[in-house]
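Read off the chains here:
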Amino acid sequence: MNNARRTPRHVRAKLLLLALAGYFLVPVWWLIVASTKNAEGLFAGTGTLWFNGFHLFDNLTDLFTYNNGEYLRWLGNSVLYAFAGGIGCTVVSVLAGYGFAKFHFRGRNLVFAMVLGSVMVPLTALVIPTFVLMSNVGLIDTVWAVILPSLLSPFAVYLMRVYAGASIPDELLDAARIDGAGEFRTFWRVALPLMRPGVITVMLLSIVSTWNNFFLPLTVLSSSKLYPLTVGIGLWEQLASGNNGGGQSLWNLIVVGSLVSIIPLIIAFLTLQKYWQGGLAVGSLK
Amino acid sequence: MAVQTTTNAASPVTGEAATPRASARRHGIGWLFILPFLVVFLAFLVAPLAYAGYLSLWTKGLATGTTFAGLDNYTRAFHDPSFRKGLWFVLRFSLVVIPLQVLVALVAALLLDEITGRLARFARLTIFLPYAIPAVLGALMWGFLYSPSFGPIEQISSFLNVQAPFLLSRGNVFYGLLNVVTWQWSGYYMIIIYAALKGIDSSIYEAARIDGASGRQIALRVKVPLVRSALVLILVFSLIGTLQFFVEPQILRPIANGTITPDFTPNIYAYEMAFNYAQFNYASAISFALGFVVFAAVAVFMFATRKRGSLFT
């Protein structure tokens, strides 16, 4: 290779990349540092981005015990909503994507056109009417009010249709059918293993979007014991900025609570890297 | 559920030794696979959409009860200075934030496609990291960093002996939010472009290099056109996301000293109308009108980029 000409360009490219990485890391670095500070250190005018005493474990104890441990409750709720909503959404979307990709039933193109069109509908525009509809059937302020609407993801269906179309050869399905396997057995034994990277991608994306959701749970939940972390921390923020923390500085809890709540997703993304990066490729290549 | 058609000629299934009737029955099973999704789709998209449309045609007064209003709510919305102000803000905001996000994502993806090794792996994960962080927390962290009393901006400014800009003040809030949104979403868009770049057969680059193209020329003239459909996809995503802007301004409201008003964006305004003023009919009309603006904006955009090959062809 013509190294002489390429090296300087790469140095510049690497510096630019390092600068970008630095920018994206700053708030997270701040969060880690701030989690180790006590209330005084957090608001001291010096060295926001550097350590000042080490109170991480005190902060964690406070976090998990404040107000009868409501943080742990919210954490549990978030896990429940993310897994029930995310896995449910994945099941529904994978089945539909496979159905659209591999069966030529009548009306397929019409229904799929509607699904594609609905990708353009802003989902938050549906939150208020969803609230009114669910309050008519008494679902408001229950876990179902968060989980059921999370099952809907037209984009996941689109992604799975493209993925199923690209990764499952028709001949393989036909071979399974000739061997006498029923349609659902063929799906389970032949198609699903081939779709695994796509399935993991869709599952991660839908778990993330449920875990990160704020607008929907904020609207449909009124008792704080059902809150997920996002809404709970939002509540703490309101109390803290109104100085209603009951003498305790809630800002420390908000900081350390934020740190704890982003750890599970970061671990999930790191461990499943190979799968979701491959899965996203197919969705955007079509 | 099986669709009983004997003359289903439009069923080109390769290598299938079955009668057309059996083939049609088999394909009818497709309905069973999409059935769970259809139920969710009807219950949580079609029904709320239709219901919002219905609600928006009525009006509820304390003395008059619920009366049919026709399009009055829409006339009111499009004449309402609050709604217009919010709409104008999100339109202006998307005109700046979308090109910015796409530029950051594209540059990062092109750099990552060029460089391999530990730095590249580290940078890829770091840039993507904000996507795994809830927008609520992203906004909170930046809120802290913006703080005029103890944030790093203040510290750097006092070190340089200049007045620190408060990024949530009336004049600066646009830029403050611009930074939060760019930070939050660019990494996700970067991964989509990066994945598309990895899918390109690299022998094309070899050919371009033999023809004398420089690295920059290959990036701009070969790579960018080849990931055009990924670019269209992320443009649509960020357009939809930005027009329904809600979480970040809502979270920064308590610490912005009144800069972020209850009519800051149409979505915040609709939320206020519904839950603080119990005007569900008017809120539905705002939601519906916003949904219509988003839909129209995306449709115009899709039409403009249609010839170049896109998501919906």
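Residues numbered from 1 in each chain as written. Chains lettered and ligands numbered in written order. Predicted model: local features only at pLDDT ≥ 70, side-chain atom pairs only at ≥ 80, totals over all residues. Heavy atoms only, no water.

K.L.:
I keep staring at the overall build of chain B and nothing clicks. Help me out?
P.N.:
Helix and strand content of chain B: 14 helices and 2 strands. Computed over its C-alpha atoms, the radius of gyration of chain B comes to 25 Å, more than 25% above the 20 Å expected for a compact globule of 313 residues. Across its three principal axes, chain B shows a C-alpha extent of roughly 80 × 70 × 30 Å. For chain B, the residues scored as buried account for 56% of the 313 residues in total. Put simply, of all contacts in chain B between residues at least 6 apart along the chain, 64% involve residues at least 24 apart. (Helix = DSSP H or I, 4+ residues; strand = E, 2+ residues; numbered from the N terminus. Rg over C-alpha atoms; globule rule 2.2 N^0.38 Å. Buried < 20%, exposed > 50% of the residue type's maximum accessible area, 1.4 Å probe, protein only. Contact = heavy atoms within 4.5 Å.)

K.L.:
What exactly am I supposed to notice about the UniProt feature "domain: ABC transmembrane type-1" (unreviewed entry) in chain B here?
P.N.:
Using the residue numbers shown here, the UniProt feature "domain: ABC transmembrane type-1" (unreviewed entry) corresponds to residues 87-301 of chain B. Measuring from the first to the last C-alpha atom of residues 87-301 of chain B gives 18 Å, for a span that is 74% helix and 0% strand. (UniProt positions renumbered as here; feature names shortened; annotations may be inferred.)

K.L.:
Explanation requested: a nonpolar patch on the surface in the structure shown.
P.N.:
A cluster of nonpolar side chains, namely Val79(A), Phe83(A), Ile87(A) and Val91(A), defines an oily patch on the protein surface of about 320 Å² accessible area. Along the chain, Val91(A) turns up in helix α3 (residues 56-102). (Patch = residues over 30% accessible without salt bridge, like charges linked within 9 Å, V, L, I, M, F, W, Y side chains within 5 Å. Areas by Shrake-Rupley, 256 points an atom, 1.4 Å probe, with all protein chains shown as cover. Salt bridge = Lys/Arg side-chain N within 4 Å of Asp/Glu carboxyl O.)

K.L.:
What is the right way to read the side chain of Thr265(B) from this model?
P.N.:
All names here are of chain B. Mapping Thr-265 onto the fold places it in the loop between α12 (247-252) and α13 (266-275). Assessed through its relative accessible area of 0%, Thr-265 is described here as buried. In this structure the side chain of Thr-265 is engaged in a polar contact, spanning 2.8 Å, whose partner is the backbone oxygen of Phe-245. When sequence neighbours within four positions are dropped, the list of residues in contact with Thr-265 reads Gly-86, Phe-89, Val-90, Phe-245 and Pro-249. (Polar contact = N/O pair within 3.5 Å; in protein donor to acceptor, adjacent residues only side chain to side chain.)

K.L.:
Can you walk me through the interface of chain A and chain B in this structure?
P.N.:
Accessible area lost on assembly of the parts is the figure often given for the size of an interface. The interface is formed by 108 residues belonging to chain A together with 105 residues belonging to chain B. Here chain A meets chain B over a buried area of about 9,600 Å², counting both sides, of which 78% is carbon and sulfur. Considering only the surface of chain A that becomes buried against chain B, Leu17(A), Phe24(A) and Met120(A) emerge as the three largest contributors, covering 8% of it. On the surface where chain A and chain B come into contact, there are 0 salt bridges. Taken together, the connections running from chain A to chain B amount to 2 residue pairs in polar contact (both at pLDDT 80 or more). Per-element accounting of the side of chain A that touches chain B gives the leading share, 19 residues, to helix α1 (residues 3-35) of chain A. Broken down by class, the residue content of the side of chain A that touches chain B amounts to 71 nonpolar, 24 polar and 13 charged. (Buried area = accessible area lost by both parts, 1.4 Å probe. Nonpolar A, V, L, I, M, F, W, Y, C, P; charged D, E, K, R; others polar.)

K.L.:
When you look at the packing of α13(B) against helix α14 (residues 280-305) of chain B in this model, what are you seeing that I'm missing?
P.N.:
The packing of two helices is summarised by the inter-axis angle and the distance between the axes. Residues and elements named next belong to chain B. For the pair α13 and α14, interaxial distance at closest approach is 8 Å and the crossing angle is 165 degrees. Of the possible angle classes, the one that applies to α13 and α14 is roughly antiparallel. For the pair α13 and α14, the crossing hand works out as left-handed. Of the residues in α14, those in contact with Pro-266, Asn-267, Tyr-269, Ala-270, Met-273, Ala-274 and Phe-275 of α13 are Phe-280, Tyr-282, Ala-283, Ile-286, Ser-287 and Leu-290. Classifying every residue of the contact of α13 with α14 gives 11 nonpolar, 2 polar and no charged. (Axes fitted to C-alpha atoms, helices over the stretch in contact; angles between N-to-C directions. Parallel < 35°, antiparallel > 145°, perpendicular 65-115°, else oblique. Left-handed = near helix turned anticlockwise from the far one by under 90°.)

K.L.:
Help me understand the packing of aromatic side chains, please; the structure alone is not making it clear to me.
P.N.:
Aromatic ring pairs are described here by two measures, namely the spacing of the ring centres and the angle between the planes. Inspection of every chain in the model, using the stated rule, returns 48 aromatic pairs over all chains. Taken together, a centroid distance of 5.4 Å and an interplanar angle of 90 degrees make the contact between Trp251(A) and Phe144(B) edge-to-face. Residue Trp251(A) is found in helix α13 (residues 250-271), and its partner Phe144(B) is found in helix α6 (residues 135-146); the two belong to separate chains. Residue Trp251(A) is classed as buried on the basis of its relative accessible area of 14%. Pairing Phe89(B) with Phe264(B) gives two aromatic rings, centres 4.5 Å apart and planes at 45 degrees, and the pair type is tilted. Linking Phe89(B) in helix α4 (residues 81-114) with Phe264(B) in the loop between α12 and α13, this pair joins segments that are 175 residues apart in sequence. Site record: aromatic cluster; members linked through ring pairs are Phe131(A), Phe214(A), Phe215(A), Phe246(B), Tyr271(B), Phe275(B) and Phe280(B). Positioned above the aromatic ring of Phe112(A) is the side chain of Arg161(A), whose terminal nitrogen or guanidinium carbon lies 4.2 Å from the ring centre. When the ring centre of Tyr282(B) is taken as origin, the NZ or CZ atom of Arg76(B), which lies over that ring, is 3.6 Å away. (Phe/Tyr/Trp six-rings, centres within 6.5 Å; stacked < 30°, edge-to-face > 60°. Lys NZ or Arg CZ within 6 Å of the ring centre and 35° of its normal.)

K.L.:
Looking at this structure, I do not really get unusual backbone geometry. What am I missing?
P.N.:
At Asn67(A), a position not held by glycine, the phi torsion is positive, near 50 degrees. Structurally, the position occupied by Asn67(A) is in helix α3.

K.L.:
Looking at this model, I keep getting lost on the nonpolar core. Mind explaining?
P.N.:
Nonpolar side chains in soluble globular proteins generally cluster together in the buried interior. Formed by 204 residues in total, the largest nonpolar core has its most connected members in Tyr98(A), Phe100(A), Met195(A), Trp236(A), Phe93(B), Tyr188(B) and Ile193(B). When residues of this core are assigned to domains, at least three map to each of domain 1 (1-55) and domain 2 (76-308) of chain B. Apart from the residues within four sequence positions on either side, Tyr98(A) is in contact with Phe103(A), Ala164(A), Ile168(A), Leu173(A), Arg177(A), Phe187(A), Ala191(A), Met195(A) and Phe33(B). (Core = buried A, V, L, I, M, F, W, Y, C linked by side-chain atoms within 4.5 Å. Domains from an automatic or database assignment.)

K.L.:
What's the story with the confidence of the model for chain B in this structure? I'm lost.
P.N.:
Should pLDDT be low for a region, the predicted coordinates there are not to be read in detail. Residues and elements named next belong to chain B. Mean pLDDT over chain B stands at 84; residues scoring 70 or higher make up 91%. For chain B, the element scoring lowest by mean pLDDT is helix α7 (residues 152-159), at 74; α4 scores highest, at 93. Residue range residues 309-313 is modelled with pLDDT below 50. Its contacts to residues more than four positions away, or to other chains, number 9 contacts. (pLDDT = per-residue confidence, 0-100.)

K.L.:
Sorry, what's going on with the packing of helix α4 (residues 108-119) of chain A against helix α7 (residues 154-167) of chain A here?
P.N.:
All names here are of chain A. Viewed as axis vectors pointing N to C, α4 and α7 meet at an angle of 130 degrees, and their least axial separation amounts to 8 Å. The orientation of α4 with respect to α7, classified from their angle, is oblique. The handedness of the crossing between α4 and α7 is left-handed. Mapping the contact onto sequence places Arg-108, Phe-112, Val-115, Leu-116, Ser-118 and Val-119 in α4 and Pro-154, Phe-155, Val-157, Tyr-158 and Arg-161 in α7.

K.L.:
Would you take a moment to explain the environment of Thr201(A) for this structure?
P.N.:
Residues and elements named next belong to chain A. Looking at the element boundaries, Thr-201 is found in helix α10 (residues 196-212). Here Thr-201 falls in the buried class, since its relative accessible area comes to 1%. Along the backbone, Thr-201 and Phe-269 are 68 residues apart, and their C-alpha atoms lie at a distance of 9.9 Å.

K.L.:
Would you mind showing me how to read the pattern of salt bridges here?
P.N.:
Side chains that differ in charge, positive against negative, can pair when their charged atoms come close. Residues and elements named next belong to chain B. Throughout the structure, instances matching the rule amount to 9 salt bridges over all chains. The partner of Lys-85 in a salt bridge is Asp-263, and the shortest N-O contact between them spans 3.2 Å. Of this pair, Lys-85 sits in helix α4 while Asp-263 sits in the loop between α12 and α13, placing them 178 residues apart in sequence. Look at Lys-85 and you get partly exposed, because its relative accessible area is 42%.

K.L.:
Please explain the UniProt feature "transmembrane region" (unreviewed entry) in chain B as it appears in this structure.
P.N.:
All names here are of chain B. Taken from the UniProt record, the annotation "transmembrane region" (unreviewed entry) applies to residues 29-51, 89-112, 124-145, 173-197, 226-247 and 282-304. Annotated as residues 29-51, this span is 96% helix and 0% strand, and its ends, taken at the C-alpha atoms, are 31 Å apart. Along residues 124-145, the helical share is 73% and the strand share 0%, with 23 Å between the first and last C-alpha atoms.

K.L.:
Mind showing me how you'd approach the pairing of strand β1 (residues 58-61) of chain B here?
P.N.:
Both faces of the sheet carry side chains from a regular strand, because those side chains alternate between them. Residues and elements named next belong to chain B. Across 4 bridges, the pairing between β1 and strand β2 (residues 65-68) is antiparallel. Within β2, the residue paired with Thr-59 across the bridge is Thr-67. Linkage of β1 to β2, two consecutive antiparallel strands, is achieved through a turn of 3 residues. (Pairing = 2+ DSSP bridges.)

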